[in-house]
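An overview of the molecular structure
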Amino acid sequence: MNHSFPALSRQNILVTGGGGFIGKALVLALRELGAEVQAFGRSRYPELEALGIPCIQGDIRDQTAVRRAVSGKSCVFHVAAKAGIWGPPAEYMAINYQGSEHVLAACRSEAVGALVYTSTPSVVFDREDLNGADETLPYAHRPLCAYAASKIPAERAMLAANSAGLKTLAIRPHLVWGPGDANLIPRLVERGRAGQLAMVGAGSNMVDITYIDNAVHAHLLAGENLCTSATAAGEAFFIGQEAPVNLWQWINALFAGLGMAPITRQVSLPLAYGAGAVLELAHRLLRPQQEPRMTRFLALQLAKSHWFSHAKAERLLGYRPLINTAKGTDALLAWLTKSSH
């Protein structure tokens, strides 16, 4: 990151979820800026500790642990979350919503001045195509997965908490990918190799994706804004690449770069959606711990367009992607190839 963040570099910062994909990249970027930074999470993070970055072990559901971690900080990046599309709804609410309330309470009691919340565009996905939608879009009335259902009240609480004493905002990066990703792309590749992927719908849907460096850059811009003019306080921001991609063309180009066969098999959205409904019910009754191969949310995500205007982030945060999609894809392919050997 060769950008200057003078105010942020002087802060004493906590990153919750500091060992995750976005969290770790953010911790390393803040360290590079010269900021005093600590990571908070359920595990130990040897890679960060080896660099001399203090890691505080604790659970976001434990209010005392959160308050202890926040103590003495001037800025907090709340990245920790239970992600994914399957699991007990109560667990999603406890971690994503109640955990966020714990962070808010700790920031208020410890006089933290700035709080950047990592949200998701899933908070507005209400089963229909989204083409160039902006932040005026309302929250989804019928979220189809526990993750989205728990992130909606969490983001509401974060933005409602914005005040003269505690400046808050929410970043909504879409489908974050790149070197270091242990979830999204590796799972995609694994399913592709196993022949378990099929194109859902017509294959023409456009989606926003966000390279990891760009997601981190947006967080840094957000933190700098809150620590200075705070013109972006109380706002939510969609974050993505320079342009959306055709989802299936992008996946097939990735597979080609890895020497894998393209996805040519197609299933209709009604069929995938119906199968998802049946599998969700069967898994709830018989295998609640195991994620179904298809869910209604996944079927819609794979078939519908979901891309957003980044004009607000550009205007208020000065956000522009640092790494374009072509360059990011090359870096991802190099990393995937290296890590498979």
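Look up: the structure comes first, before these words.
Residues numbered from 1 in each chain as written. Predicted model: local features only at pLDDT ≥ 70, side-chain atom pairs only at ≥ 80, totals over all residues. Heavy atoms only, no water.

**Observations regarding the pattern of salt bridges**
Any two side chains of opposite charge can pair if their charged atoms end up close together. Note the following rule: For this analysis, a salt bridge means a side-chain nitrogen from Lys or Arg found within 4 Å of a carboxyl oxygen belonging to Asp or Glu. Any residue under 20% of the maximum accessible area for its type is buried, any over 50% is exposed, and the rest in between are partly exposed; the area is computed with a 1.4 Å probe on protein chains only. Secondary structure is summarised from DSSP: a helix means a run of H or I of at least four residues, a strand means a run of E of at least two, and numbering begins at the N terminus for each.
Tallied over the full model, the rule gives 11 salt bridges. Note that Glu49 and Arg44 form a salt bridge whose closest N and O atoms lie 2.8 Å from each other. For Glu49, a relative accessible area of 30% puts it in the partly exposed group. Relative accessible area serves as the criterion here: at 53%, Arg44 is assigned to the exposed category. Its salt-bridge partner being Glu235, residue Lys312 comes within 2.6 Å of it at the nearest N-O pair. Highlighted residues: Lys312 in helix H12 (residues 311-317) and Glu235 in the loop between helix H8 (212-227) and strand S12 (236-239), separated in sequence by 77 residues.

**Section: the environment of Tyr45**
The criterion, for reference: Throughout, a residue-residue contact means that at least one pair of heavy atoms, one from each residue, lies within 4.5 Å.
The residue Tyr45 is located in the loop between strand S2 (36-41) and helix H3 (46-49) in this model. Residue classification places Tyr45 among the buried positions, given a relative accessible area of 15%. When the C-alpha atoms of Tyr45 and Ile56 are compared, they prove to be 9.4 Å apart, with 11 residues separating the residues in sequence. In contact with Tyr45, other than residues within four places in its own chain, are Gly18, Gly19, Ala39, Phe40 and Cys55.

**What about the packing of helix H9 (residues 247-257) against helix H13 (residues 325-339)?**
Selection rule: Axes here mean lines fitted to C-alpha atoms, for a helix over just the part in contact, with angles spanning 0 to 180 degrees between N-to-C directions. Should an angle fall under 35 degrees it is called roughly parallel, over 145 degrees roughly antiparallel, and 65 to 115 degrees roughly perpendicular, with every other angle called oblique. If you view the pair so one helix is near and one far, a crossing is left-handed when the near helix is turned anticlockwise from the far one by less than a right angle, and right-handed when it is turned clockwise. Only Asp, Glu, Lys and Arg are considered charged in this grouping, and only Ala, Val, Leu, Ile, Met, Phe, Trp, Tyr, Cys and Pro are considered nonpolar; every other residue, Gly among them, is considered polar.
Contact geometry of H9 with H13 gives a least axis separation of 10 Å together with a crossing angle of 40 degrees. Regarding the angle of H9 to H13, the classification is oblique. The interaxial crossing formed by H9 with H13 has right-handed handedness. Contact residues: Trp250, Leu254 and Gly257 in H9; Thr325, Thr329, Leu332 and Leu333 in H13. Here the contact of H9 with H13 is composed, by residue class, of 4 nonpolar, 3 polar and no charged.

**Details of a nonpolar patch on the surface**
This is how the line gets drawn: Patch criteria: residues need more than 30% relative accessible area and no salt bridge. Like-charged residues are merged within 9 Å; nonpolar side chains of Val, Leu, Ile, Met, Phe, Trp and Tyr are merged within 5 Å. Surface accessibility in these figures is a Shrake-Rupley result with a 1.4 Å probe; residues are shielded only by whichever protein chains are displayed.
Taken together, the side chains of Leu281, Leu285 and Leu286 define a hydrophobic patch exposed on the protein surface, amounting to about 370 Å² of accessible area. Looking at the secondary structure, you find Leu286 in helix H10 (residues 269-286).

**A look at the state of the cysteines**
Note the cut-off: When two cysteine sulfur atoms are found within 2.5 Å, that pair is recorded as a disulfide.
Enumeration over the complete set of coordinates arrives at 0 disulfides. The thiol of Cys75 is unpaired, and the distance to the nearest cysteine sulfur, on Cys227, comes to 4.5 Å. On the accessibility criterion, Cys75 (0% relative accessible area) is buried. Here Cys107 is not disulfide-linked; the sulfur of Cys75 is the nearest cysteine sulfur, at 8.8 Å.

**Describing the pairing of strand S7 (residues 167-173)**
Test applied: The criterion for strand pairing is that DSSP finds at least two bridges linking the strands in question.
Burial analysis of S7 places 6 of its 7 residues in the buried class, which makes it a mostly covered element. Bridging between strand S5 (residues 114-118) and S7 involves 5 bridges; their strand directions are parallel. Opposite Val116, over in S7, you have Leu169 as the bridge partner. Alignment of S7 against S12, held across 4 bridges, turns out to be parallel. If you follow Ala170 over to S12, its bridge partner there is Ala236.

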